[in-house]
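Here are the chains, one letter per residue:
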Amino acid sequence: MHLTYHFLRFLAPALSDSFAGNRIVSCFSQSKDELVFETDGAQGTLFIRAHLLPSQVYLSFPNQFHRAKRNSISLFESLIGDRITSCRVFSNERALKFDLSSGKVLIFKLHGNRSNCLLYLPETTEPEVWFRNVIAEDKILDWRTLDRQLNLSLEHFICLEGNVSQFLPTLGPVPRAWLKQKGYLDLDLDLNGKWKLIQELLDLLDSPLYALVEKEGELLLSLLPEAEARFTSADPIQACNELFYQALVLGNFEKEKNSLLKSYQDQLKRTEAYLKKSGGKLQELKDSPSPSQLADVLMANLHAFGESNREAELDNFYTGEKVKISLKPNQKPQDLAASLYRKSKNRQLEIDQLEKTLAAKKAQAHSLQSLLDRIQGAQDFRALKEFKKEHKEDLPLSKTEMSSPFKVFEVEGYTIWVGKSAKDNDEMLRSFVHKDDLWLHARQVPGSHVIIRRKGMPTVPQQVVERAASLAAFYSKLKSDSLSPVIVTEAKFVRKVKGSAPGSVVVAKEKVILVAPKGPDQDTALHP
């Protein structure tokens, strides 16, 4: 209700008492949606702070405000030195009018996403200066047309058949919800009952106690009795300031904090899922018999096979059970045994690699939990800003950023970035990549830079490297080749030469692998 006439009619006289006689010292903006007036008077320095972001329109009147040394622009300069003589609200309208000693008029039009601040010269019908330039109709708005009269008689109410939106268009959502809760919309309630509810509501609005309440996840100012109010006051300026602080300052802090928490919680969730999946795979590899056992059984029974005998049932002296072995056409038992020995060796390598990766992932999970604990402990924007500065390269990208530099994929718990254009390749290398990350690129042809994020990981599994290389080949001029050469190196060996074309780099040390180009599929989970 802080933007409704019913609140502004109490706020305006309070502002008139506080600001009458004050001289305007400065007017400036530090963001495209916020305007600040500094005034000086008998009560000292007072500010008018108008935050006019379409989704967050709030006024506050602090006695302290620290203007930034940079990114600050002076506005409404013709007002400097002028004095405020009074403030009033327009009848049944969401707008405040400040009269100035020079005869100029300053209007705060609080129309939700059409809110604006307008300055009129004496005796003029159109504004000389306006804050939000995008609202075309404000450039020809005559402030004298803002007052409007409402017919609040019983006869008019009956004529409208109790339509409260037409009878009292100034109410806003909180009083409407009160009427609904009282049964105003019930079919069995006659016009006389509805009129009584309207009069009861108007009586409450005439002698309000300003309360801040949370309804459906949004903090609102209410002029009605509220059982679970966060804050109450009989001073409309104090209520305005508290709403500004809780809804905008604390609210935006909580939103940013929760956004960071969610980002790291998502990372931790993916890491824990990888630990569970790969941990199960490791245990399965350890528990299952080694292929070398079957190879030993085969080598001990070479005599069981011949030209006409390609299949035999043998005693497995490791398990005491029978095992059936079949040879492929033209396959020798020695060749099959050699293949099984290679599989056994490769499996051991896979076990060793999984153990190293799982150890690194456990350390990463512990680190992510520590970061989450630190974010949870942050109490203000300064703490969040310091955290983001320290962990810039680890922070997940916002949706805005995600639309610009690169695609993000995940393979077996590893994050892979794929640049979208030559300029994006440069931006990725310059601003996001860590020196120990792996850098991949199709050899000697134009294509996307591909990065495997490796911070905290001693090594990257070969299957992850090969999958990232197949993406590098897919997002290059080698996309249609059956096999493509792809460069793999650490990012610290890649550098940009000043003045070179977008996307071009010099690689000091490289290894080349051959892979088949392969685009994203079910094994590359794209995540925000």
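Predicted, not measured: the structure shown is a model, and the values here were computed from it.

Asks: Is there a simple way to explain the sheet that holds strand 11 (residues 210-215) in this structure?
Replies: Two pairing modes exist for strands in a sheet, parallel and antiparallel, and in both the strands are linked by backbone hydrogen bonds. The three strands are arranged 12-11-13 in an open sheet whose pairing can be described as antiparallel. Lying at the two open borders of the sheet, with one neighbouring strand each, are strand 12 (218-222) and strand 13 (231-233). Taken pair by pair, the neighbouring strands of this sheet meet at an average axis angle of 25°, ignoring direction. Pairing of strand 11 with strand 13, which is carried by three bridges, proceeds in the antiparallel orientation. Opposite Leu212, over in strand 13, you have Phe231 as the bridge partner.

Asks: For this particular structure, what's the right way to read the pattern of salt bridges?
Replies: Pairing between side chains of opposite charge can happen when their charged atoms approach one another. Summed over all chains, the structure comprises 23 salt bridges. For Asp138, the salt bridge goes to Lys109, with nearest N and O atoms at 3.3 Å. Linking Asp138 in the loop between strand 10 (129-130) and helix 2 (154-159) with Lys109 in strand 8 (residues 105-109), this pair joins segments that are 29 residues apart in sequence. The partner of Glu490 in a salt bridge is Lys492, and the shortest N-O contact between them spans 3.2 Å. For Glu490, a relative accessible area of 19% translates into the label buried. Among the charged side chains, a network of salt bridges with common partners joins Arg454, Glu490 and Lys492.

Asks: Where do I start with the layout of surface pockets in this structure?
Replies: One water molecule sets the probe size; rolling that probe over the atoms shows where empty space is left. Roughly 740 Å³ of volume is contained in the second largest pocket. Lining the second largest pocket are 33 residues, with Tyr58, Glu218, Leu219, Leu220 and Ala247 positioned closest to its centre. Of all the elements in the fold, those that place two or more residues in the lining of the second largest pocket are strand 4 (56-60), strand 12 and helix 6 (236-287). At six residues, the largest contribution of residues to the lining of the second largest pocket is made by helix 6. Per-class residue counts for the lining of the second largest pocket are 14 nonpolar, eleven polar and eight charged.

Asks: How do you make sense of the packing of aromatic side chains when you look at a structure like this?
Replies: Applying the stated criterion across every chain yields a total of 18 aromatic pairs. Between Phe406 and Trp417, the aromatic rings sit 4.4 Å apart at their centres with planes inclined by 15°, giving stacked as the arrangement. One end of the pair, Phe406, is in strand 16 (residues 406-411); the other, Trp417, is in strand 17 (residues 414-419), and eleven residues separate them in sequence. An aromatic cluster is built from Phe37, Phe76, Phe98 and Phe108, whose rings are joined through pairwise contacts.

Asks: Explain unusual backbone geometry to me, please; I cannot follow it from the model alone.
Replies: What is expected of a backbone is that most residues other than glycine have negative phi and most peptide bonds are trans. Non-glycine residue Asn71 carries a positive phi angle of around 55°. Note that Asn71 resides in the loop between strand 4 and strand 5 (73-74). Look at Phe76: it is not a glycine, yet its phi comes out positive at around 50°. Structurally, the position occupied by Phe76 is in the loop between strand 5 and strand 6 (84-89).

Asks: Quick question: what am I supposed to make of the sheet that holds strand 2 (residues 34-41) here?
Replies: One open sheet holds the five strands; their spatial order is 4-3-2-1-5, and the pairing between them is antiparallel. Every interior strand has two partners, whereas the edge strands, strand 4 and strand 5, have only one. The sheet contact formed by strand 2 and strand 3 (residues 44-53) spans eight bridges and is antiparallel. Paired with Thr39 across the bridge in strand 3 is Leu46. Where helix 6 meets the sheet, its contacts fall on strand 2, strand 3 and strand 4, and the angle it forms with strand 4 comes to roughly 135°.

Asks: What am I meant to see in the environment of Arg148 here?
Replies: Secondary-structure assignment places Arg148 in the loop between strand 10 and helix 2. Setting aside its immediate chain neighbours within four residues, Arg148 contacts Ser91, Asn92, Glu93, Pro169 and Thr170. For Arg148, the side chain forms a polar contact with the main-chain oxygen of Asn92, separated by 2.6 Å.

Asks: Where do I start with a nonpolar patch on the surface in this structure?
Replies: A cluster of nonpolar side chains, Leu154, Ile158 and Leu191, forms an exposed patch at the surface whose accessible area comes to about 220 Å². By the secondary structure assignment, Leu154 is in helix 2. Note on Leu154: relative accessible area 36%, which makes it partly exposed.

Asks: What is the right way to look at the pairing of strand 7 (residues 95-100) in this model?
Replies: Regular strands place their side chains on alternate faces of the sheet. Burial analysis of strand 7 places six of its six residues in the buried class, the great majority of the element. With five bridges connecting them, strand 6 and strand 7 associate as antiparallel partners. In the strand pairing of strand 7, Ile84 is matched with Leu100. Here strand 6 hands over to strand 7 after five residues, with Asn92 in that stretch at a positive phi of 50°. As paired elements, strand 7 and strand 8 share five bridges and run antiparallel to each other.

Asks: Quick question: what am I supposed to make of the side chain of Arg132 here?
Replies: By secondary structure assignment, the location of Arg132 is in the loop between strand 10 and helix 2. The buried charged residue Arg132 lacks any salt bridge partner; its closest oppositely charged side chain belongs to Asp33, at an N-O distance of 4.6 Å. Here the side chain of Arg132 touches Ser115 through a polar contact of 3.0 Å, landing on its backbone oxygen. When sequence neighbours within four positions are dropped, the list of residues in contact with Arg132 reads Leu52, Pro54, Asn113, Arg114, Ser115 and Asn116.

Calculation notes
Residues numbered from 1 in each chain as written. Predicted model: local features only at pLDDT ≥ 70, side-chain atom pairs only at ≥ 80, totals over all residues. Heavy atoms only, no water. Pairing = 2+ DSSP bridges. Helix = DSSP H or I, 4+ residues; strand = E, 2+ residues; numbered from the N terminus. Axes fitted to C-alpha atoms, helices over the stretch in contact; angles between N-to-C directions. Salt bridge = Lys/Arg side-chain N within 4 Å of Asp/Glu carboxyl O. Buried < 20%, exposed > 50% of the residue type's maximum accessible area, 1.4 Å probe, protein only. 1 Å grid on protein atoms, 1.4 Å probe; cavity = no way out; pocket = protein on both sides within 12 Å on 5 of 7 lines; lining within 4 Å. Points joined across faces, edges and corners; volume = space filled by probe spheres on them. Nonpolar A, V, L, I, M, F, W, Y, C, P; charged D, E, K, R; others polar. Phe/Tyr/Trp six-rings, centres within 6.5 Å; stacked < 30°, edge-to-face > 60°. Contact = heavy atoms within 4.5 Å. Polar contact = N/O pair within 3.5 Å; in protein donor to acceptor, adjacent residues only side chain to side chain. Patch = residues over 30% accessible without salt bridge, like charges linked within 9 Å, V, L, I, M, F, W, Y side chains within 5 Å. Areas by Shrake-Rupley, 256 points an atom, 1.4 Å probe, with all protein chains shown as cover. Lys, Arg positive; Asp, Glu negative; His and termini not counted.

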